[in-house]
Amino acid sequence: MAEANVNVVLLGAPGSGKGTQAQTIKDAFGLRHVSTGDMLRAAVASGTELGLRAKAFMDRGELVPDDVVVGIVSERLRSEDGGPGWLLDGFPRTVAQAEALEKAFDGRAGRAVDRVLYLRVSPEIVVERLSGRRVCPNPSCGAAYHVRFMPPKREGVCDRCGTALVLRDDDRPDTVRQRLAAYERQTAALVERYRSLGLLVEIDASGSPKEVGDKVLAALRPEEGKGGVRAACAGGKAGDGQSPGRGGKRGG
Ligand SMILES: [Zn+2]
């Protein structure tokens, strides 16, 4: 596996297989997977000023506001500057967040977004994927199944503990359609922005995880003559020779 110094934003509605593809990208390119949820939890746990601000909102069950999220993301990405590139998952979600991210890295060569992958799926497929999920409601078990892709041995019953499986409210077909529409509404302007910047690659994510994974990796590999994402070349940017010690720290 080669480490790549490329910064990727991964977009995809619930049910697009984003989590699986994030893992595929991470495994193939050695990118640091930066998930907003994990990052918020880490900031809260480490008790930084921004973490404490985030915690106040989370404790009240409210969404953490943009400026706090952007602050936490930037702090984290800057603290690890000089390593391999990153894969942002779940952030940015809005144009305001995208702009704040770019501003935070203004003037830092090689630290802005290189490529945005947008996993697209039809509502029918998302409904099939999500509404087929079943979970074990036993709090000490929590096993997850899928009626089509990972069925339990006995229909409707948990293999591990024998509890009757349930369909989560979030996974009901009507709710899934609403979630999908809400995601598309929320991200439409962001997608347009990345498209107009020439960073967007739309990927048909209706196939199997492997099929989609192949397309995802192809979109990130440097292509001959097409100005693909730069390869994992040490140093990276012209001009680094004048500032030794800035570009070449890697693999730590
Ligand atoms: Zn169970």
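Quantities reported herein were computed from a predicted structural model and do not represent experimental measurements.

So, how was this worked out
- Residues numbered from 1 in each chain as written.
- Predicted model: local features only at pLDDT ≥ 70, side-chain atom pairs only at ≥ 80, totals over all residues.
- Helix = DSSP H or I, 4+ residues; strand = E, 2+ residues; numbered from the N terminus.
- Expected span 1.5 Å × (residues − 1).
- Bend = angle between axes of the 7 residues up to and from the residue.
- Buried ≥ 20, exposed ≤ 12 C-beta atoms within 10 Å, placed from the backbone.
- Contact = placed C-beta atoms within 7 Å.
- Pairing = 2+ DSSP bridges.
- Axes fitted to C-alpha atoms, helices over the stretch in contact; angles between N-to-C directions.
- Core = buried A, V, L, I, M, F, W, Y, C linked by C-beta atoms within 7 Å.
- Parallel < 35°, antiparallel > 145°, perpendicular 65-115°, else oblique.
- Left-handed = near helix turned anticlockwise from the far one by under 90°.
- Nonpolar A, V, L, I, M, F, W, Y, C, P; charged D, E, K, R; others polar.
- pLDDT = per-residue confidence, 0-100.
- Arc of directions from axis to C-beta.

## Regarding helix α7 (residues 173-196)
Alright, step 1. Taking 1.5 Å of rise per residue, 24 residues should cover 34 Å, and α7 covers 33 Å from first to last C-alpha, within 8% of that figure.
Alright, step 2. At Thr 187, α7 shows its maximal kink, close to 50°.
Alright, step 3. Every buried residue belonging to α7 is among Val 176, Leu 180, Thr 187, Leu 190 and Tyr 194, and all of these are buried.
Alright, step 4. Where α7 is buried, its residues contact β1 (8-12), α5 (95-104), β4 (115-120), α6 (123-131) and β7 (200-204).

## Observations concerning the sheet that holds strand β2 (residues 32-35)
Alright, step 1. With parallel pairing, five strands are arranged side by side in an open sheet as β2-β3-β1-β4-β7. Only two strands of the sheet have a single neighbouring strand rather than two, namely β2 and β7. The mean angle between the axes of side-by-side strands here comes to 25°, regardless of whether they run parallel or antiparallel.
Alright, step 2. Relative to strand β3 (residues 86-89), β2 runs parallel, the two sharing four bridges. Paired with Ser 35 across the two strands is Asp 89, which belongs to β3.

## Some details on the nonpolar core
For soluble globular proteins, nonpolar side chains are generally found buried alongside one another.
Alright, step 1. With 47 residues, the main nonpolar core has Val 8, Ile 72, Leu 87 and Leu 117 as its most contacted residues.
Alright, step 2. Tallying contributions element by element places helix α4 (residues 66-79) first for this core, with six residues.
Alright, step 3. In this structure Ile 72 touches Met 39, Leu 40, Ala 43, Leu 50 and Ala 54, once residues within four positions along its chain are discounted.

## Quick look at the packing of α6 against α7
Alright, step 1. Between α6 and α7, the shortest axis-to-axis distance is 9 Å and the interhelical angle comes to 130°. The orientation of α6 relative to α7 falls into the category oblique. Regarding α6 and α7, the two cross each other, and that crossing is right-handed. Each of Pro 123, Val 126, Val 127, Leu 130 and Ser 131 in α6 lies in contact with α7, whose residues at this interface are Pro 173, Val 176, Arg 177 and Leu 180.
Alright, step 2. Partitioning the contact of α6 with α7 into residue classes produces seven nonpolar, one polar and one charged.

## Description of unusual backbone geometry
Alright, step 1. In this structure, Pro 92 follows Phe 91 across a cis peptide bond, with omega equal to -10°.
Alright, step 2. When you line up the elements, Pro 92 lands in the loop between β3 and α5.

## What to know about the environment of Leu 167
Alright, step 1. Note on placement: Leu 167 falls in the loop between β6 (144-146) and α7.
Alright, step 2. In sequence terms Leu 167 and Cys 136 are 31 residues apart; their C-alpha atoms lie 9.0 Å from each other.
Alright, step 3. Ignoring any residue separated from it by four or fewer positions in sequence, one finds Leu 167 in contact with Arg 134 and Arg 172.

## Section: the environment of Asp 170
Alright, step 1. Its location among the elements puts Asp 170 in the loop between β6 and α7.
Alright, step 2. Counting along the chain gives 40 residues from Asp 170 to Leu 130, while the straight-line C-alpha distance between them is 8.6 Å.

## Side note on the confidence of the model for the protein chain
Alright, step 1. Per-residue pLDDT for the protein chain averages 82, and the proportion of residues at 70 or more is 82%.
Alright, step 2. Within the protein chain, the lowest mean pLDDT, 81, falls on α4, and the highest, 96, falls on β7.
Alright, step 3. Across residues 224-252, confidence stays below pLDDT 50; counting only partners more than four residues off in sequence or on other chains, it has 37 contacts.

## Quick look at helix α8 (residues 209-220)
Alright, step 1. The end-to-end C-alpha separation of α8 is 16 Å, in line with the 16 Å expected for 12 residues at 1.5 Å each.
Alright, step 2. Burial in α8 covers these residues: Val 212, Gly 213, Val 216 and Leu 220. The arc enclosing the buried residues of α8, seen along the axis, measures out at 105°, which places them on a common side. Exposed residues pointing more than 90 degrees away from the buried face of α8 are listed as Lys 210, Glu 211 and Ala 218.
Alright, step 3. Elements in contact with the buried residues of α8: β1, α1 (18-29), β4 and β7.

## Regarding the packing of α1 against α8
Alright, step 1. At a minimum axis distance of 10 Å, the contact between α1 and α8 shows a crossing angle of 50°. One way to sum up the angle between α1 and α8 is to call them oblique. Of the two possible hands of crossing, α1 and α8 adopt the one that is right-handed. Across from Thr 20, Gln 21, Thr 24, Ile 25, Ala 28 and Phe 29 in α1, the residues of α8 making contact are Pro 209, Val 212, Gly 213, Val 216, Leu 217 and Leu 220.
Alright, step 2. Residues that form the contact of α1 with α8 fall into these classes: eight nonpolar, four polar and no charged.

## Section: the pairing of β3
Alright, step 1. The alternating pattern of β3 places Trp 86 and Leu 88 and Leu 87 and Asp 89 on opposite faces, both of which are buried.
Alright, step 2. Pairing analysis gives three bridges linking β1 to β3, with the strands arranged parallel. The partner of Leu 10 across the bridge, within β3, is Asp 89.

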